[in-house]
Amino acid sequence: MTPDTALPRPWRSLTAPALDRVQQSWLHRPGALTAGLRRLGEVRLTVRREAVEALTPGWAAEAGLDAGAPVWWREILMTVDGVAAVQACSFTPLRASLGVWKAMRGLGQRPLADILYRDPRIARSGFRFGRLKARRADGAWAGAAQDETILARHSVFTRLNQPLLVAEYFLPPFWTIAARPAATSP
């Protein structure tokens, strides 16, 4: 996934009414997504990429930053019981990744939630929702076939006036896991 392929167009403040109850509940789930995934099975996190990127205009608008600004970009894949479930990307201004959000750079295989929910100075925005089609057959979207729909959400965490945007992409195989009879509510 690159910054451009990770961006649904357009993001919306409301989810589509045609989504089922399971989809709605997971897209609106507050708190750490990782905690909810752990209720479904064994969760493993793999870092797919960490790099300095120039912020695309679409992401810049969503984060309230300038297009082209350098950001620290992190992409991960979370599996549940070995099945690709959620891909996520997160970014913060490069300067913030060396300062207020520097813990983001040292997470390794740990989830970002390890730093987001322990500090009372961190505030989270409301969610924005999107959907996109898996358009690339080159492995950009784990577990998604060409033209499958991927539901997504993002929010912006703020600490000391510095944003950290987190976008989560629910891959098609996730919905089968989430709908299992043994699965508890998110």
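Just so it is clear, the structure is predicted and the values come from calculations on it, not from any experiment.

1. Observations concerning the environment of Pro163
Counting through the fold element by element, Pro163 comes out in strand S7 (residues 162-170). Sequence separation of Pro163 and Trp101 is 62 residues, and the distance between their C-alpha atoms is 8.8 Å. Those residues in contact with Pro163 that sit more than four places away from it in its chain are Ala63, Leu65, Phe91, Thr92, Pro93, Trp101, Val156 and Phe157.

2. Comments concerning the nonpolar core
Formed by 23 residues in total, the largest nonpolar core has its most connected members in Trp26, Leu37, Phe170, Phe174 and Trp175. Broken down by secondary-structure element, the contributors of at least two residues to this core are helix H1 (21-27), helix H2 (33-38), strand S1 (43-54), strand S2 (70-80), strand S3 (83-93) and helix H6 (172-178). Take this core: its biggest share by element is four residues, from H6. In contact with Leu37, other than residues within four places in its own chain, are Trp26, Val43, Met78, Val80, Val86 and Phe174. Membership of the second largest hydrophobic core comes to 21 residues, among which are Leu77, Cys89, Ala152 and Leu171.

3. So, the side chain of Gln87
With respect to the secondary-structure elements, Gln87 resides in strand S3. Only 3.0 Å separates the side chain of Gln87 from the side chain of Arg48, close enough to count as a polar contact.

4. Observations concerning unusual backbone geometry
For residues besides glycine, phi is generally negative; the peptide bonds are generally trans as well. Of note, the phi angle at Asp81 is positive, near 50°, even though the residue is not glycine. For Asp81, the location among the structural elements is in the loop between S2 and S3.

5. Quick notes on the pairing of S7
In terms of burial, S7 is largely enclosed, as eight of its nine residues are buried. Across six bridges, the pairing between S3 and S7 is antiparallel. Note on S7: the bridge partner recorded for Cys89 is Ala167. In this structure, strand S6 (residues 149-159) lies alongside S7, joined through nine bridges in antiparallel fashion. Its bridge partner being in S7, Val156 is matched across the sheet by Leu165. Linking S6 back to S7 in an antiparallel pair, the connection comprises two residues, with Leu160 at a positive phi of about 50°.

6. Let's talk about the pattern of salt bridges
Scanning all chains against the criterion turns up ten salt bridges. One salt bridge connects Glu50 with Arg74, and the closest N-O pair in it is separated by 3.3 Å. Placement of Glu50 in strand S1 and of Arg74 in strand S2 is noted, with a sequence separation of 24 residues between them. Look at Glu50 and you get partly exposed, because its relative accessible area is 30%.

7. A word on the packing of aromatic side chains
Counted by the stated rule, this structure contains ten aromatic pairs. Ring plane angle 65° and centroid distance 6.3 Å describe the contact between Trp59 and Trp73, whose orientation is recorded as edge-to-face. Separated by 14 residues along the polypeptide, Trp59 in helix H3 (residues 57-63) and Trp73 in strand S2 bring together distant segments of the chain. Here Trp59 and Trp73 have matching classes, each one buried. For the pair Trp59 and Phe91, a centre-to-centre distance of 5.7 Å together with 70° between the ring planes defines the contact as edge-to-face. Of this pair, Trp59 sits in helix H3 while Phe91 sits in strand S3, placing them 32 residues apart in sequence. Trp59 gets classed as buried once you look at its relative accessible area, which sits at 0%. The class of Phe91 is buried, set by a relative accessible area of 1%. One aromatic cluster is present, formed by Trp11, Trp59, Trp73 and Phe91 through successive ring pairs. The ring centre of Trp72 lies 3.7 Å from the NZ or CZ of Arg105, which sits over that ring.

Procedures and definitions
Residues numbered from 1 in each chain as written. Predicted model: local features only at pLDDT ≥ 70, side-chain atom pairs only at ≥ 80, totals over all residues. Heavy atoms only, no water. Helix = DSSP H or I, 4+ residues; strand = E, 2+ residues; numbered from the N terminus. Contact = heavy atoms within 4.5 Å. Core = buried A, V, L, I, M, F, W, Y, C linked by side-chain atoms within 4.5 Å. Buried < 20%, exposed > 50% of the residue type's maximum accessible area, 1.4 Å probe, protein only. Polar contact = N/O pair within 3.5 Å; in protein donor to acceptor, adjacent residues only side chain to side chain. Pairing = 2+ DSSP bridges. Salt bridge = Lys/Arg side-chain N within 4 Å of Asp/Glu carboxyl O. Phe/Tyr/Trp six-rings, centres within 6.5 Å; stacked < 30°, edge-to-face > 60°. Lys NZ or Arg CZ within 6 Å of the ring centre and 35° of its normal.

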